[in-house]
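Remarks on the overall topology
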Amino acid sequence: MTPTVESADPDRIAACSDFAVLSLPNGLACQLAPQLLERGVRVVDLSADFRYRSLEQWLQVYARRPAPSTVRTLRALQQCRLRPAGMERPCHR
């Protein structure tokens, strides 16, 4: 049997599945899982949405913004050039 990737339509998933394994970006599993459970589909969630028992715990771990030095726009990345080893940092602005 070959695995099938389908759209995240809960009715369609429920029509052909007894269970679903979700591995979605944060915020998506908490939207889809309840819809699947309502339709009788058992759910295994590998994302972080249901990892903690409380929203407060989840927010402490996942609701942080990246440090400004780690954020790059596509334009900034395009302006970066690889330099030979030993050169000073090329892309820090």
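Summary of the structure given here. What you see is a predicted model; the values in this text were computed from it and never measured.

Tallying secondary structure elements over the protein chain gives four helices and two strands in all. Each helix and strand of the protein chain, placed in order from N terminus to C terminus, yields the pattern α-β-α-β-α-α. Out of the 93 residues in the protein chain, the part that is buried amounts to 17%. When contacts within the protein chain are restricted to residue pairs at least 6 apart in sequence, those whose partners lie at least 24 apart make up 24%. For the protein chain, the exposed surface amounts to about 8,100 Å²; the carbon and sulfur share of it is 54%.

Moving on, we get to the pairing of strand β2 (residues 42-45). As paired strands, strand β1 (residues 19-22) and β2 are joined by four bridges and run parallel to one another. Within β2, the position partnered with F19 by the bridge is R42. This β-α-β element, β1 to helix α2 (residues 29-38) to β2, shows right-handed connectivity.

The biggest cluster of nonpolar side chains holds eight residues, and these are I13, A20, L22, A29, L32, A33, L36 and V41. Looking at this core, the elements with two or more residues in it are β1 and α2. Top element by residues in this core is α2. It accounts for four residues.

This part is about the side chain of S47. Turning to its location among the elements, S47 is positioned in the loop between β2 and α3 (55-62). A relative accessible area of 8% places S47 in the buried class. A distance of 2.7 Å separates a polar atom in the side chain of S47 from a polar atom in the side chain of D45. Leave out the neighbours within four places in its chain, and S47 touches L22, L24 and A29.

Let's shift gears to the pattern of salt bridges. All chains considered together, the criterion is met by one salt bridge. Among the salt bridges present, the one from R39 reaches D11, with a minimum N-O distance of 2.6 Å. A residue pair is termed long-range when its members are at least 10 positions apart, and R39 in the loop between α2 and β2 and D11 in helix α1 (residues 10-16) qualify at 28 residues.

Scoring rules and cut-offs
Residues numbered from 1 in each chain as written. Predicted model: local features only at pLDDT ≥ 70, side-chain atom pairs only at ≥ 80, totals over all residues. Heavy atoms only, no water. Helix = DSSP H or I, 4+ residues; strand = E, 2+ residues; numbered from the N terminus. Buried < 20%, exposed > 50% of the residue type's maximum accessible area, 1.4 Å probe, protein only. Contact = heavy atoms within 4.5 Å. Areas by Shrake-Rupley, 256 points an atom, 1.4 Å probe, with all protein chains shown as cover. Pairing = 2+ DSSP bridges. Right-handed = clockwise from strand over helix to strand, strands pointing away. Core = buried A, V, L, I, M, F, W, Y, C linked by side-chain atoms within 4.5 Å. Polar contact = N/O pair within 3.5 Å; in protein donor to acceptor, adjacent residues only side chain to side chain. Salt bridge = Lys/Arg side-chain N within 4 Å of Asp/Glu carboxyl O.

Function cannot be read off these values alone, since they describe shape.
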